[in-house]
Amino acid sequence: QLDDLYLIALVQRRDLRSLRDLTAEHLPLLRTILTEGQEAISKRFGIPGCQLRVYLHYQPSYYHLHVHFTALGYEAAGSAVERAHLLPDVIDNLLLEPSYYQQRALTCPLRADEPLLKKFQEAGRL
């Protein structure tokens with residue numbers, strides 16, 4: 001069923017681990033992921049690009065750059081604004097400032113049981 005469509009595009013490059021690694025150098029890659037991903041989904045599933053949410057997580061669940069494609073009406077875990085960064089916005093931000101994601105403070109919600117939260121607490125950062 002297409003109402004809860006959830007697909008992931010994995011980037012082949014191993015040196016790109018998360019949103020923080022992206023610079024203007026990666027704009028061709030990001031544009032290709034967006035356009036070819038939308039085209040492939042439209043062709044295979046009949047869902048037009050305007051009905052897809054295309055985003056990256058920060059913090060990601062694993063450190064190998066990947067992009068999520070979900071049906072617009074599907075509320076997938078982690079697709080909320082605090083954690084999901086829309087790929088078209090990422091592209092626009094890198095066009096405005098080539099090192100945007102190395103400079104910007106990024107908010108990321110953490111559950112009480114997440115190991116990263118414990119590390120922040122141990123380091124006195126919370």
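Residues numbered from 1 in each chain as written. Predicted model: local features only at pLDDT ≥ 70, side-chain atom pairs only at ≥ 80, totals over all residues. Heavy atoms only, no water.

As recorded in an unreviewed UniProt entry, the chain goes by the name DCPS diphosphatase, listed as coming from Semnornis frantzii.

Participant: Could you clarify how one ought to interpret the nonpolar core in this entry?
Facilitator: One broad rule of soluble globular proteins: the nonpolar side chains tend to lie buried together. If you look at the biggest cluster of nonpolar residues, it comprises 25 residues, and the most contacted ones within it are L19, L22, L56, L87 and V90. Secondary structure elements with two or more residues in this core: helix 1 (27-45), strand 2 (52-57), strand 3 (66-71) and helix 2 (87-96). The leading source of residues in this core is helix 1, at five residues. Each residue touching L56, except ones within four places of it in the same chain, is listed here: L19, L22, L65, H66, V67, R83, A84, H85, L87 and V90. (Core = buried A, V, L, I, M, F, W, Y, C linked by side-chain atoms within 4.5 Å. Buried < 20%, exposed > 50% of the residue type's maximum accessible area, 1.4 Å probe, protein only. Helix = DSSP H or I, 4+ residues; strand = E, 2+ residues; numbered from the N terminus. Contact = heavy atoms within 4.5 Å.)

Participant: Would you explain the pattern of salt bridges in this entry?
Facilitator: As a working rule, side chains carrying opposite charge can pair if their charged atoms are close by. Inspection of the entire model under this criterion finds one salt bridge. A salt bridge links D15 to R13; the nearest nitrogen and oxygen atoms lie 2.6 Å apart. Residue D15 is classed as partly exposed on the basis of its relative accessible area, which comes to 47%. (Salt bridge = Lys/Arg side-chain N within 4 Å of Asp/Glu carboxyl O.)

Participant: Explain the packing of helix 1 against helix 2 to me, please; I cannot follow it from the model alone.
Facilitator: The packing of two helices is summarised by the inter-axis angle and the distance between the axes. The interhelical angle for the contact between helix 1 and helix 2, taken along N-to-C directions, is 160 degrees, at an axis separation of 10 Å. Here helix 2 runs roughly antiparallel to helix 1, going by the angle between their axes. In this structure, the crossing between helix 1 and helix 2 has a hand that is left-handed. Of the residues in helix 2, those touching helix 1 at L27, L30, R31, I33 and L34 are L87, P88, V90, I91, L94 and L95. Tallied by class, residues from the contact of helix 1 with helix 2 come to 10 nonpolar, no polar and one charged. (Axes fitted to C-alpha atoms, helices over the stretch in contact; angles between N-to-C directions. Parallel < 35°, antiparallel > 145°, perpendicular 65-115°, else oblique. Left-handed = near helix turned anticlockwise from the far one by under 90°. Nonpolar A, V, L, I, M, F, W, Y, C, P; charged D, E, K, R; others polar.)

Participant: What am I meant to see in a nonpolar patch on the surface here?
Facilitator: A cluster of nonpolar residues, Y6, I8, L10 and Y62, forms a patch on the protein surface that exposes about 360 Å² of accessible area. Along the polypeptide, Y62 turns up in the loop between strand 2 and strand 3. (Patch = residues over 30% accessible without salt bridge, like charges linked within 9 Å, V, L, I, M, F, W, Y side chains within 5 Å. Areas by Shrake-Rupley, 256 points an atom, 1.4 Å probe, with all protein chains shown as cover.)

Participant: Just checking my understanding: could you explain the sheet that holds strand 2 for this structure?
Facilitator: Paired through backbone hydrogen bonds, the strands of a sheet run either parallel or antiparallel to each other. Taken together, the four strands give an open sheet; going across it, the order is 1-3-2-4, and neighbouring strands pair in antiparallel fashion. With one partner strand each, in any of the chains shown, strand 1 (6-10) and strand 4 (84-86) form the two edges of the open sheet. Averaged over neighbouring strand pairs, the angle between their axes works out to 35 degrees when direction is ignored. Where strand 2 and strand 4 come together, three bridges link them in antiparallel fashion. (Pairing = 2+ DSSP bridges.)

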